[in-house]
Amino acid sequence: CYYCDHSGFQSGHSSQEPSLYTVKAVLILDNDGDRLYAKYYDDTYPTVKEQKAFEKNIFNKTHRTDSEIALLEGLTVVYKSNIDLFFYVIGSSHENELMLMSVLNCLFDSLSQMLRKNVERRALLENMEGLFLAVDEIVDGGVILESDPQQVVHRVALRVLQSAKEQIKWSLLR
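The structure reproduced in this document is the subject of the present report.

Rules behind the numbers
- Residues numbered from 1 in each chain as written.
- Predicted model: local features only at pLDDT ≥ 70, side-chain atom pairs only at ≥ 80, totals over all residues.
- Heavy atoms only, no water.
- Helix = DSSP H or I, 4+ residues; strand = E, 2+ residues; numbered from the N terminus.
- Buried < 20%, exposed > 50% of the residue type's maximum accessible area, 1.4 Å probe, protein only.
- Contact = heavy atoms within 4.5 Å.
- Areas by Shrake-Rupley, 256 points an atom, 1.4 Å probe, with all protein chains shown as cover.
- Core = buried A, V, L, I, M, F, W, Y, C linked by side-chain atoms within 4.5 Å.
- Pairing = 2+ DSSP bridges.
- Axes fitted to C-alpha atoms, helices over the stretch in contact; angles between N-to-C directions.
- Expected span 1.5 Å × (residues − 1).
- Polar contact = N/O pair within 3.5 Å; in protein donor to acceptor, adjacent residues only side chain to side chain.

On to the overall build of the protein, then. Of the regular secondary structure elements, the protein holds five helices and nine strands. For the protein, the residues scored as buried account for 43% of the 174 residues in total. Taking the intrachain contacts of the protein between residues at least 6 apart in sequence as the baseline, contacts between residues at least 24 apart amount to 50%. Only carbon and sulfur atoms are counted for the fraction: they give 52% of the accessible area of the protein, which is about 10200 Å².

Here it is, written out as structure tokens:
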């Protein structure tokens, strides 16, 4: 039996109740704290306005620190920065940080392989389709599906190839 507590988070009788729904959001912000990518898996922040306010808050609290984990607004936030990008994976306050970190590392390492180690804003913006596919391979609806970057890159490549085949087929049929 679930209810919503005063903070708007779904919770059960025990806050330690295990759940497959580990990830609440995956975010990538630029070095000004502006959104490049955001995928929220629940309605903790139901409006874009609330999401952007949360993203600004998270960026302001993390962009000058060297740590990798923060507790913010009742959430566990794991993060990593590289050149001009900030990567965030968000879970509930009782979520296992190592699980969230495995998602973060998988995403970063997958993108690093896909972008030939050139993980920076411009390269990412030129390869958004790959980013969308990679996140979908790693997390689905908040459930972690994959933590091996080799598998993610392989599946993304297959999906891109399938998409290209479809496009060629349709262009030949015109």
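This brings us to the nonpolar core. Among the nonpolar cores identified, the biggest contains 31 residues, and Val-23, Ile-28, Phe-87, Leu-107, Leu-111, Leu-124 and Leu-131 are the most heavily contacted of them. Among the elements of the structure, strand 3 (25-30), strand 4 (35-40), strand 7 (85-92), helix 2 (97-114), helix 3 (121-126), helix 4 (128-138) and helix 5 (149-173) are those that each provide at least two residues to this core. Here the element with the most residues in this core is helix 2; it accounts for eight residues. Other than its neighbours up to four places away in sequence, Leu-107 contacts Val-26, Phe-87, Leu-131, Val-135 and Ile-138. Counting residues in each nonpolar core, the second largest holds 16 residues, with Ala-25, Leu-27, Leu-29 and Ile-58 among its members.

Looking now at the sheet that holds strand 6 (residues 75-82). Spatial ordering of the open sheet is given by 4-3-7-6-5, a layout of five strands whose pairing is antiparallel. Pairing within the sheet leaves two strands with one partner each, and these edge strands are strand 4 and strand 5 (69-72). Each adjacent strand pair in this sheet contributes to an overall mean axis angle of 20 degrees, direction not counted. Pairing analysis gives four bridges linking strand 5 to strand 6, with the strands arranged antiparallel. Bridge pairing in strand 6 links Leu-71 to Thr-76.

This part covers the side chain of Ser-112. Within the secondary structure, Ser-112 sits in helix 2. Its relative accessible area of 12% is what places Ser-112 among the buried residues. Excluding residues within four positions of it along the chain, Ser-112 makes contact with Lys-117 and Val-119.

A few words now on helix 5. With 25 residues, helix 5 extends 36 Å from end C-alpha to end C-alpha; this agrees with the ideal 36 Å at 1.5 Å per step. Within the sequence span of helix 5, burial applies to Pro-149, Val-152, Val-153 and Val-156. Residues of helix 5 that are buried sit in contact with helix 2 and helix 4. Where helix 5 starts, the residue carrying a side-chain oxygen 3.0 Å from the main-chain nitrogen of Gln-150 turns out to be Asp-148.

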